[in-house]
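Single-letter residue listing:
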Amino acid sequence: MPVEIRELIIKTEIRSIEQSKKPIVSSGLIDDIKNEVLENCKRMISESAKKKVYNR
């Protein structure tokens, strides 16, 4: 009875290129985006609260 043994070995080496110390996106831009998202969330929450009118 024949026996077949298969084995596949993949060896890899990961190298990373030294990234520049300067960030791609400035912290000021990140702060602006955070504030914009926060304001949009606040607006959406206040709009959804206004829509909940209970008629009794």
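This text goes with the structure placed above it.
Below is a summary of the structure that appears in this document.

Details of the pattern of salt bridges
- Summed over all chains, the structure comprises two salt bridges.
- With its nearest N and O atoms 2.9 Å apart, the salt bridge here joins Arg15 to Glu13.
- On the basis of relative accessibility, which here comes to 68%, the residue Arg15 falls in the exposed class.
- The exposed category is assigned to Glu13, whose relative accessible area is 61%.
- Among the salt bridges present, the one from Arg43 reaches Glu47, with a minimum N-O distance of 3.5 Å. Placement of the pair is Arg43 and Glu47 together in helix 1 (residues 27-51), with a separation of four residues, close to one helical turn.
- When its relative accessible area of 37% is taken as the criterion, Glu47 is described as partly exposed.

Side note on a nonpolar patch on the surface
- Residues Ile24, Val25, Leu29, Ile30, Ile33 and Val37 make up a contiguous nonpolar surface patch of about 560 Å² in total accessible area.
- Along the chain, Val25 falls in the segment before helix 1.
- Taking the relative accessible area as the measure of exposure, Val25 reaches 39% and is therefore partly exposed.

Conventions adopted
- Numbering of residues starts from 1 in every chain and runs along the sequence as written.
- A pLDDT threshold of at least 70 governs which residues receive local features in this predicted model, and a stricter bar of 80 or more applies before side-chain atom pairs are shown or counted, although totals over entire chains, interfaces and linings include all residues.
- Each side-chain value is worked out from all heavy atoms of the structure, with water and hydrogens disregarded.
- By convention in these notes, a salt bridge is any Lys or Arg side-chain nitrogen within 4 Å of a carboxyl oxygen on Asp or Glu.
- Exposed residues in this analysis have more than 50% of their type's maximum accessible area, buried residues have under 20%, and partly exposed residues fall in between, with area computed by a 1.4 Å probe over protein chains only.
- Helix and strand labels come from DSSP, where a helix needs a run of H or I of at least four residues and a strand needs a run of E of at least two; each type is numbered from the N terminus.
- Each patch groups residues whose relative accessible area exceeds 30% and which form no salt bridge, using 9 Å between like charges and 5 Å between nonpolar side chains of Val, Leu, Ile, Met, Phe, Trp and Tyr.
- Residue exposure ignores everything except the shown protein chains as possible cover, and the areas themselves are Shrake-Rupley values with a 1.4 Å probe.

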